[in-house]
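Structural description and commentary
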Amino acid sequence: MTTLAPRPANVDRRLLHRARGATLFIGVCAALGVARTACVVAGAWLTASLIAGAFAGGRSVDSLTPQLIALAAVLTLRALLASVQEAAAHRAGAVVKSGLRRQALERLMRLPSGNRHTGETAALLVRGIDALDDYFARYLPQLVLAVVVPVGVLVVMLVAYPPAALIVLITLPLIPLFGVLIGRYTRTRAERQWASTSHLAHHFADLVAGLPTLKAFGRASKQVGAIEVTTGAYRRRSMSLLRVAFCSALVLELAASLSVAVLAVTVGIDLVEGGMTGEAGLRTALLVLILAPEAYLPLRNVGAHYHASAEGLAAAEKVFAILAEAPERTGAALEEEASGQGAGGRSQRAGRRSAAALGQRTGKGSAALTSSAALSHPPLGRAPTIMFRRTVFAYPGRQPLPELSLTIPAGRTTVLTARSGAGKSTLMASLVGFRQPVSGSIAFDDTELSGLDLAAVRRSIAWLPQRPVLIDGTVAENVRLAVPDGASDPAVAKAIAAAHAPAATRTVSADGSGLSAGEAARVGLARFLLRVDLLDPPVLLLDEPTAHLDTDTEQAVLDAFAPYRDQRTVLIASHRPAVRAIADREVDW
Amino acid sequence: MGRPMVKLRNTIALRLGLGATLGALAQVSALALLAVSGYLISRAWEQPPILYLMVAITSVRLFGISRGVLRYTERLVSHDAAFRGLERLRIAVWRKLVRLAPAGVPVWRTGDLQARLVDDVDGVGDRWLRGALPLASAVIVSVCAVALQTTLLPAAGIILGACLLAAALVGPALATWSSRYAVRATARERGDLTEGVRACLHGREELVAAGTDTAALERVLEGDDRLRRAHARIAWTTGLGEAAGLLALAFALVGALAAGIAAVAAGTLDGVLLAVVALVPLAAFESVLALPAAAQQTAVAKACGRRLLEITQAPEPRPDPVEPMEYEPNPLGGPPFIEIKRLAVTWPGAESPALHGFDLTVQPGERVAVMGPSGSGKSTLAAALMGFLPYEGSLRFGGVELAEYDGDDIRRTVGLCSQDAHVFDTTLAENLRLARPSAADEDLARALRWAGLRDWLDALPDGLRTRLGEHGRAVSGGERGRIALARCLLADREVLVLDEPDAHLDAATAERVLRTAAAALEGKTTIVITHRPLPDGIVDRVVHLRAPVPTPRRDAPDNRLFSVAPPG
């Protein structure tokens, strides 16, 4: 029945390939489908013979009672089978969805952030993947039924009354044929529809997020017009898509009901002309009449669910696109990317090549690419000197930042006071391997960063970004994100106290609500201090650590931080006088 | 839900009604097709002259065609109506949000709010399409089928009626009853999961650098697990609902046959009609079997509707006065005289005021700095001046209490440059024109220059047409703040409140920006809110603000406009 699917078969196949237990699931569906077909045929035959028996055979109620009981039993069994199938399908679908979501998320954590819309991606992973429900729980089982039931019905008709089988055989293929034609025509438009849905969602989200700003400028009410235009365009696009998409449903319904009509007339004329007589003749006539709609029913359902499942499948394709992207390297050898070769799909190859080169150098095989245990070089020594030599950073579509040569002395505290937008955050991100310079080099002591094992470098660094991440949970749970292996309660409590962070048991939401900006900053700071306490990293990077704090809190936090600065290479980006006061050295460029 | 807010215009109601009628007619066609076919075959078996069958044959062909065509038109008509209704609903919700923002929205998260707007509104639309319409056509078809059956054989009519009723009640009830809890659970889990995924992706680099990405991921995926379990709960109940319908169909068919066979034997039913009596239940049940799904859609939509109601029924934090004063705080033009006495401002849901016993008088054109530590209510003061919050005590513009004025009138005079002003996902020019739609490109460039962004603008390859990314992501914090400042300068309000204008700026840039801004604001009243001292010569005087006693445990309740009532 793959001819039914205008979408590339490999989407379905990949999706089913992902599904752990998908084969079993389809097997169960097929078995249930065969059983249901048997029930349908048996029910039709019993019904036909009961009517024929009473009308044509003139039999009494008593002699027909066993058949009535059998009919009741068959129909009851059919009801049970339908229930079991639905539940099984939903469960199987849920497992596949979860698996897909996990895979995508795991991959995304390894992919360079680039200019990915985090909001849109989150919507894709939750709403988009959830839309696959229709595919697994409804479309797929019906697809199986659409194969099994018509075959069963046709076989019965062929035996009972071949002309009926002929009518069904001629009309039945029309449905998938038109389904394919119309589906092919609407496919690209359906994808665009999904794109416009997510565009619409983003547009709303943007407006809602900016509502206070809009209101301050008295523009909020005026946005009504913009929303009207957007949603109106969305409606017109949707309707023009549906006008075509519903055509395939029209073909379906017409084929199904017209063939029943043709069949009824054909059988009726045959009966009048004496082609079928007696109780058996009427029974056969009624049997094919009752069975005919059943042959089309699963196909009609497939058609109905096909369009409902399109949204989920479009989302699945996007997820597969994410899964196909090359991950960011966690190993070594960044110079190839630095020379501008590492874009897109080539970076993986480049990564493999450099990892292989590294493997030869260290004689440890190719494990260096991902494994955090693979130490091609020892981690950074005690308080290294960090050197930027003629380093240039660039973002796509923007002018590159000015060339930079900078030495951050070992064991001292350096404060970067360069103007806003001069690339202080980029500098820090480059030290943990998230930005690669387009030219020039970065070195720890005398070793190039690109020659070091990135995992080891990251372990030797504590980094406090400008906006620390928050997850749903308590403050303590958020602070624990400092180190991979977990931390003891007293250690967490100590860090929280030192950073003047909110109480450990306060709850935090992923978007930071429940905490003020200052509190959120101090949670990040507590996490940072915990990491320093537990891992004893020789390099500390702090990006605007006190931007949201008032002068008193700032001083208290800096005092608490003072002992940690000892014997470590500390780099702080800040303009605050209190921070500059603790600097051994100030750098501006 | 939604009756008070979804004021469907008659056209939409009419369209939906037309859709329901067409749908019912399609179903009746299907019923008639099967019934007449049954009659045709039974009658043909008696081998009458073929002329006697011509009416039946023609009807069968007609019903064969009409069903598909009617169904197609029904779909188009009803979908169009639903889309139109959704447009209205979306706008109604937006209008309400406009009145609530920024203080009146409780601790809903923005991610959740957006999910509400899009999902919940769509969910309500589904209720019309997949809830109300199938129900309407099922009722019409059932009535037709029972009427037909009763005419043929009263006993069979009663059985069919009872079975249809049972299927229509038990199936959907089963489906609705047990899925309700799970449906509610999935909505929340979905919101949490979306937010968690977003946060995880946003903070990816920090997590990966710390080696805790896996831990954070597992934490987020716990939410996925909860979502999966909630889905599994719905699974069983959909199956049960369908089974209940099929069981009722079994009863109806067996009952019709039993009654029909007995009637034929007793001679009260013409044997020709026995096939019709048996086939009518089969056709009649088709629409009733669709009801459990319709009921589940309705249940989902109800939960969506309830959450929309939470928004639409939330009290306005500062309702505009019923009869606002004519706004003319300074008849001579220029900034008004501002007089604040014993001002106390409490955020909705908060127990104690964030600002208490505050006095301040500002002459027209004066530049005042309000300085105080975090938590002293500086941003609260700004929100009160903007007419976002109700207050106690006295806050007068030109001698008239601010509470007497319409909020939008106030904001035509007072501008706010907030530390978290939103940068919209559109071009730089569009972002600025928000403040003054009629502004020419030169005006925009001048405002950016005043805000200290001349070099930045010159470096942009696309200039004013540069698109600022998601939530202004392509711009740094300092640039974002200065874009907001440029926007405020462009708006040219008589009174401008600058909330922490130097956050995210280095001292030199901050001083330069403040000085040019001060020059640009010559003659306007400026209130600068800050927690650290400003460079000399920016303001005329400094007012100190102390945290209200007892010190609340929050330090800045107002810099997150959506978390209005901070826990404390």
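Before going further, it helps to spend a moment on the overall build of chain A. Scanning chain A from N- to C-terminus turns up 19 helices and eleven strands. Expressed as a percentage of the 589 residues in chain A, the buried residues total 52%. Once local pairs closer than 6 in sequence are excluded, the contacts in chain A between residues at least 24 apart make up 79%.

Scanning chain B from N- to C-terminus turns up 15 helices and nine strands. Counting across all 568 residues of chain B, residues that qualify as buried make up 61%. In chain B, of all internal contacts separated by at least 6 residues, the share reaching a separation of at least 24 is 83%.

Below, the discussion takes up the sheet that holds strand E2 (residues 355–362) of chain B. Residue and element names in this part refer to chain B. Pairing in this open sheet of four strands is antiparallel, and the strands run E2-E1-E4-E5 from one edge to the other. Since the sheet does not close on itself, it has two edges, and those belong to E2 and strand E5 (400–401), each with one partner. Pairing between strand E1 (residues 338–345) and E2: five bridges, direction antiparallel. Looking at E2, one finds that Leu 343 is bridged to Phe 358.

It is worth spelling out the packing of helix H2 (residues 54–100) of chain B against helix H8 (residues 291–312) of chain B at this point. The description of two helices packed together rests on the angle between their axes and the distance between the axes. Following both chains from N to C, one finds H2(B) and H8(B) inclined at 35°, their axes separated by 9 Å at the closest point. Between H2(B) and H8(B), the contacting residues are B:Val93, B:Lys96 and B:Leu97 on the first element and B:Leu308, B:Ile311 and B:Thr312 on the second.

Our focus in this paragraph is the interface of chain B and chain A. Contact residues are listed per partner, giving 145 residues for chain B and 132 residues for chain A. Broken down by element, the side of chain B that touches chain A gets its largest block of residues, 30 residues, from helix H6 (residues 213–266) of chain B. Per-class residue counts for the side of chain B that touches chain A are 79 nonpolar, 33 polar and 33 charged.

This brings us to the confidence of the model for chain A. Residue and element names in this part refer to chain A. In this model, chain A carries an average pLDDT of 80, and 84% of its residues clear a pLDDT of 70 or more. Segment residues 1–6: pLDDT under 50, and 15 contacts once partners within four positions in sequence are set aside and those in other chains are kept. The low-confidence segment residues 331–377 (pLDDT under 50) makes 75 contacts with residues lying over four places distant or belonging to another chain.

This brings us to the sheet that holds strand E7 (residues 495–499) of chain B. Residues and elements named next belong to chain B. Strand order in the open sheet formed by five strands is E6-E7-E8-E3-E9, with parallel pairing between adjacent strands. Across the chains shown, the open sheet's two edge strands, defined by having one partner strand only, are strand E6 (414–417) and strand E9 (541–544). Neighbour to neighbour, the strand axes of the sheet diverge by 20° on average, direction disregarded. As paired strands, strand E3 (residues 367–371) and E9 are joined by four bridges and run parallel to one another. What sits directly across from Val 368, in E9, is Arg 541. This element, helix H14 (residues 477–491), spans E6 and E7 of the sheet and lies at about 170° to E6.

Glancing now at the environment of A:Thr213. Relative to the helices and strands, A:Thr213 resides in helix H8 (residues 211–216). For A:Thr213, a count of 25 C-beta atoms within 10 Å corresponds to the buried category. For A:Thr213, the residues in contact, after removing those within four places along its chain, are B:Ala421 and B:His422.

Relative to strand E8 (residues 525–530) of chain B, E3(B) runs parallel, the two being bridged by five bridges. For B:Val370, the partnering residue across the bridge sits in E8(B) and is B:Ile529.

All names here are of chain B. Here chain B shows a mean pLDDT of 82. Residues at 70 or above account for 88%. At the level of individual helices and strands, chain B shows its lowest average pLDDT in H8, which scores 78, and its highest in helix H12 (residues 441–450), which scores 92. With pLDDT under 50 throughout, residues 1–6 is counted as low confidence; its partners more than four residues away or in other chains account for 14 contacts. Here residues 550–568 is modelled with pLDDT under 50, and outside its nearest four sequence neighbours on either side it reaches 62 contacts, counting other chains as well. Across the assembled chains, the prediction reports ipTM 0.72 with pTM 0.66.

Mapped onto the secondary structure, A:Leu108 falls in helix H3 (residues 61–108). Judged by local crowding, A:Leu108 falls into the buried class, with 24 C-beta atoms found within 10 Å. Along the sequence, A:Leu108 and A:Glu328 sit 220 residues apart, while their C-alpha atoms lie 9.6 Å from each other. When near neighbours in sequence (up to four residues on either side) are disregarded, A:Leu108 contacts A:Thr121, A:Ile322 and B:Leu201.

Residues and elements named next belong to chain A. Look at helix H4 (residues 118–130): 18 Å from first C-alpha to last across 13 residues, which is about the 18 Å you get at 1.5 Å a residue. Most of H4 is tucked away: twelve of the 13 residues are buried. Those residues of H4 lying buried are Thr 118, Gly 119, Thr 121, Ala 122, Ala 123, Leu 124, Leu 125, Val 126, Arg 127, Gly 128, Ile 129 and Asp 130.

Quick look at the packing of helix H9 (residues 223–272) of chain A against H2(B) now. Put simply, H9(A) and H2(B) touch, their axes get as near as 8 Å, and they point 165° apart. What the angle tells us is that H9(A) and H2(B) run roughly antiparallel. Of the two possible hands of crossing, H9(A) and H2(B) adopt the one that is right-handed. In terms of residue class, the contact of H9(A) with H2(B) is built from 22 nonpolar, eight polar and 13 charged.

The rules behind these values
Residues numbered from 1 in each chain as written. Chains lettered and ligands numbered in written order. Predicted model: local features only at pLDDT ≥ 70, side-chain atom pairs only at ≥ 80, totals over all residues. Helix = DSSP H or I, 4+ residues; strand = E, 2+ residues; numbered from the N terminus. Buried ≥ 20, exposed ≤ 12 C-beta atoms within 10 Å, placed from the backbone. Contact = placed C-beta atoms within 7 Å. Pairing = 2+ DSSP bridges. Axes fitted to C-alpha atoms, helices over the stretch in contact; angles between N-to-C directions. Nonpolar A, V, L, I, M, F, W, Y, C, P; charged D, E, K, R; others polar. pLDDT = per-residue confidence, 0-100. Expected span 1.5 Å × (residues − 1). Parallel < 35°, antiparallel > 145°, perpendicular 65-115°, else oblique. Left-handed = near helix turned anticlockwise from the far one by under 90°.

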